[in-house]
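Coordinate inspection notes
As a plain string of letters, each chain reads:
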Amino acid sequence: MAESFRDVVAWQKSMLLVTEVYRISSNFPRREMYGLTRQVRAAAVSVPSNIAEGKGRQTKKDYLQFLYRARGSSLEVQTQLEIALNLDFVDKVTFASISEQAAEAGRVLNGLITNVEQQIEQIGSPKS
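Everything numeric in this text was worked out from a predicted model, so none of it was measured.

1. Let's talk about the environment of Ser4
Secondary-structure assignment places Ser4 in the segment before α1 (9-25). Put simply, Ser4 and Glu20 are 16 residues apart on the chain and 23 Å apart in space, counted from C-alpha to C-alpha. Of note is the side chain of Ser4, whose polar atom sits 3.1 Å from the backbone nitrogen of Arg6.

Take a look at the structure:
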């Protein structure tokens with residue numbers, strides 16, 4: 001039986017990241033509710049959502065496209081967290097912790113992308 005999207009380690013790690021982003025961004029200034037707070041939360045939610053949606057697609061190529069979107073959103077989260085640091089919405093210790101968490105989720109996602117790309121290449125290459 002095919003694994004569930006919940007079994008994908010990249011999804012699990014990105015779900016933990018979303019939770020932490022929500023916790024941290026709840027301390028952003030109220031004036032940022034419709035600005036950076038909304039942006040970083042939406043980007044964070046997009047990462048596991050795209051992994052899950054891609055997992056449900058019919059082909060590996062479709063899955064890969066959603067993984068690419070998830071990677072883009074992951075980089076967006078990292079950028080927005082750095083903006084929050086620059087604006088003193090988060091302290092350096094908090095930023096270092098969530099930044100490492102985001103980087104780890106990104107590394108796992110990159111590994112998954114590489115794995116799916118290799119699977120696609122194997123499917124498309126003629127057998128010797």
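2. Let's talk about the nonpolar core
Here is a general trend for soluble globular proteins: nonpolar side chains tend to be buried in one another's company. Grouped together as the largest cluster of nonpolar side chains are 18 residues, with contacts concentrated most on Val21, Phe28, Val77 and Val90. Of all elements in the fold, only α1, α2 (36-55), α3 (60-86) and α4 (92-124) reach the threshold of two or more residues within this core. Leave out the neighbours within four places in its chain, and Val77 touches Leu17, Val21, Val40, Ala43 and Ala44. Within the second largest apolar cluster, 15 residues are counted, among which are Val8, Ala10, Ile51 and Leu109.

3. What to know about α4
Taking 1.5 Å as the rise per residue, α4 with 33 residues should run 48 Å; its terminal C-alpha atoms sit 47 Å apart, in good agreement. Along α4, the residues classified as buried are Phe95, Ile98, Ala102, Ala105, Gly106, Leu109, Leu112, Ile113, Val116 and Ile120. Sitting at the head of α4, Asp91 places a side-chain oxygen 3.1 Å from the backbone nitrogen of Val93.

4. Regarding the pattern of salt bridges
By the definition in use, this model includes six salt bridges. A salt bridge links Arg57 to Glu53; the shortest N-O distance between them is 2.6 Å. The closest approach of N and O atoms between Arg107 and Glu104, which form a salt bridge, is 3.0 Å. Here Glu104 and Arg107 lie together in helix α4, a separation of three residues that amounts to about one turn. In this structure Arg107 comes out as partly exposed when scored by relative accessible area, which is 45%. When its relative accessible area of 28% is taken as the criterion, Glu104 is described as partly exposed. Through salt bridges with shared partners, a single network forms among Lys13, Glu100, Glu104 and Arg107.

5. Quick word on α3
The end-to-end C-alpha separation of α3 is 39 Å, in line with the 39 Å expected for 27 residues at 1.5 Å each. All of the buried residues along α3 are Tyr63, Leu64, Phe66, Leu67, Ala70, Ser73, Ser74, Val77, Gln80, Leu81, Ala84 and Leu85. Buried residues along α3 sit against α1, α2 and α4.

Definitions and cut-offs
- Residues numbered from 1 in each chain as written.
- Predicted model: local features only at pLDDT ≥ 70, side-chain atom pairs only at ≥ 80, totals over all residues.
- Heavy atoms only, no water.
- Helix = DSSP H or I, 4+ residues; strand = E, 2+ residues; numbered from the N terminus.
- Polar contact = N/O pair within 3.5 Å; in protein donor to acceptor, adjacent residues only side chain to side chain.
- Core = buried A, V, L, I, M, F, W, Y, C linked by side-chain atoms within 4.5 Å.
- Buried < 20%, exposed > 50% of the residue type's maximum accessible area, 1.4 Å probe, protein only.
- Contact = heavy atoms within 4.5 Å.
- Expected span 1.5 Å × (residues − 1).
- Salt bridge = Lys/Arg side-chain N within 4 Å of Asp/Glu carboxyl O.

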